[in-house]
Amino acid sequence: MPLVYAGVCSHAPGITGRAHLAEPAQCDPVHAAFEQMRLDIEATKPDAIMVMAAEHFANFFMNNMPSFAIGMADFYDGPIEDPDWLNIAKFRAPGNRDLSHRLITEMMNSVDVAYAEEWLFDHGIAVPLSFLTPDWDLPVIPVNINCQGPPLTPLHRAWAFGEAVRRAADSVPERIALIGTGGISHWPATPDSGKINEAWDRDFLDRWCRNDKDALLDYDDLTVYADAGQGGFEIRTFLAVSAAARGATGTVRFFEPVPIFAVGCTVADYQLDEVAP
Amino acid sequence: MSLYYVQKFLFEINRSPGLQEQYRTDRRAAVAPYELTDEERAALIEPDIGKLFVLGVNGQILMHFAAFHQIEWADYLQQMRDGVEAYGPVREGVYAITGYEGTDAHTARIRKGAD
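Rules behind the numbers
Here the residue numbers are simple positions, counted from 1 along each chain's written sequence. Labels are handed out in written order, letters beginning with A for the chains and numbers beginning with 1 for the ligands. Selection of residues for local features in this predicted model requires a pLDDT of at least 70, selection of side-chain atom pairs for listing and counting requires 80 or more, and totals for whole chains, interfaces and linings are taken over all residues. Helix numbers and strand numbers start at the N terminus; a helix is a DSSP run of H or I with at least 4 residues, a strand a run of E with at least 2. Note on method: radius of gyration uses C-alpha positions; expected globular size equals 2.2 Å times residues raised to 0.38. Burial is judged by counting the other C-beta atoms within 10 Å of a residue's own C-beta: 20 or more makes it buried, 12 or fewer makes it exposed, and any count in between marks it as partly exposed, with every C-beta position built from the backbone. With C-beta atoms placed from the backbone, a contact is any residue pair whose C-beta atoms sit within 7 Å. Lines fitted to C-alpha atoms define the axes here, with helix axes fitted over just the stretch in contact, and angles between the N-to-C directions of these axes take values from 0 to 180 degrees. What sets the label is the angle itself: under 35 degrees gives roughly parallel, over 145 gives roughly antiparallel, 65 to 115 gives roughly perpendicular, and the rest give oblique. Should the near helix be turned anticlockwise from the far one by less than a right angle, the crossing is termed left-handed; should it be turned clockwise, right-handed. In this classification, Asp, Glu, Lys and Arg are treated as charged, Ala, Val, Leu, Ile, Met, Phe, Trp, Tyr, Cys and Pro as nonpolar, and every other residue, Gly included, as polar. Here a nonpolar core is just a set of buried residues of the types Ala, Val, Leu, Ile, Met, Phe, Trp, Tyr and Cys, joined wherever their C-beta atoms sit within 7 Å. Confidence scores labelled pLDDT are given residue by residue by the predictor and lie between 0 and 100.

## Topic: the overall build of chain A
Right, on to step 1. Along chain A, the regular secondary structure elements total ten helices and ten strands.
Right, on to step 2. Taking 19 Å as the expected radius of gyration for a compact globule of 277 residues, we find that chain A reaches 17 Å, a close match to that expectation.
Right, on to step 3. Burial statistics for chain A: of 277 residues in total, 55% are counted as buried.
Right, on to step 4. For chain A, contacts bridging at least 24 residues in sequence account for 84% of all contacts bridging at least 6.

## Remarks on the overall build of chain B
Right, on to step 1. A count of helical and extended segments in chain B gives eight helices and zero strands.
Right, on to step 2. Going residue by residue from the N terminus, the α and β elements of chain B occur as α-α-α-α-α-α-α-α.
Right, on to step 3. By residue count, 37% of the 115 residues in chain B fall in the buried class.

## Digging into the packing of helix α4 (residues 97-107) of chain A against helix α6 (residues 155-170) of chain A
All names here are of chain A.
Right, on to step 1. It is the contact of α4 with α6, at a shortest axis distance of 9 Å, that shows an interaxial angle of 130 degrees. In terms of their interaxial angle, α4 and α6 are classed as oblique. Relative to α6, α4 is oriented so that their crossing is right-handed. Contacts between α4 and α6 involve Leu103, Glu106 and Met107 from the former and Ala164, Val165, Arg167 and Ala168 from the latter.
Right, on to step 2. Among the residues making up the contact of α4 with α6, the classes are represented as five nonpolar, no polar and two charged.

## Here we look at the interface of chain A and chain B
Right, on to step 1. Counting residues at the interface gives 25 residues for chain A, matched by 27 residues for chain B.
Right, on to step 2. Examining the composition of the side of chain A that touches chain B, we find that four residues originate from one element, helix α9 (residues 221-228) of chain A, more than from any other.

## Description of the nonpolar core
Right, on to step 1. If you look at the biggest cluster of nonpolar residues, it comprises 119 residues, and the most contacted ones within it are A:Val51, A:Met52, A:Leu178, A:Ala240 and B:Leu62.
Right, on to step 2. Residue contributions to this core peak at eight residues, all from helix α10 (residues 235-245) of chain A.

## Quick word on the confidence of the model for chain B
Right, on to step 1. Confidence in the prediction of chain B, expressed as mean pLDDT, is 89, and 84% of residues score 70 or more.
Right, on to step 2. For this predicted complex, the interface confidence reaches an ipTM of 0.86, while the overall pTM sits at 0.94.

Okay, structure coming up:
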């Protein structure tokens, strides 16, 4: 079954954890955008949601850091952060070990993927899913791309990974919704937290919506770090979704810089039905 | 410099209720198994959030250690700024890639680039 949904969204912990510090006029539209994304995904009747996130040293550390990792379990617990700090109660999300196994087996034909039969969700996955599957009733396939511990996954490999995700999704009968989470420019958890390079973000989103591979791969880490912070490294998840969308063009459903959330809050998706599967 | 082991201790204490309990009762014993310099050990025991940032600890690890110590978000950010002021630029790790310019200079440069 071809991929039924491909989109991206922010995952900053402040979106839930510091919601009480934001003005309602700032916070409410962000949460409403996530609710619309939930409805859009629900309308595609997915059997599972694959969440491609940039993990933050919750499961993977520099003692053994994979470029790509995929969960292969029947359940996942979270959040690993203090539930009060993140403002997300402890949960157990369903997985689908068999589906993960089939997807990983297919992907391994073209990319080297680590798999994990245990995975504690951090905010990179928990924040979006707290909006998108608030009852934790949709099987999740967690995916990580190394956006945190240099040397980072090269951008062109993130693209190849996205292509492999698409081939794998197309090879199974289940209906899979794919979301990439993270970015865009931000300086999370640093003295520059709250800084957002809106011009850089809008230029990136323009490239993302056009699904312009050359333009999306035309970044280097030093420039990204200088202009978009270490949070900008998370464009890898967005790029992988672009590759998985296989030529579809996209629409930004919501973009608004919210400094107290430390990111330009983003919801966007690709129109998959405009290209042949 | 043994940034890897500083971060490894923080990674493990962030995940482990047992290590958190040990740290609460005997901080020196909790950090003892890790290959640390005296400066790193002292920063973890105090804790000196600003020093840990300057040593190069990734904020995605450090912010949870600050939360563990009940340090509010705004205070956490300020303690890192104070650390840069007191101890100088970040010495190692991802934030040392291009040299840390300081918040104001960095913001000004980005705004100039956007014009």
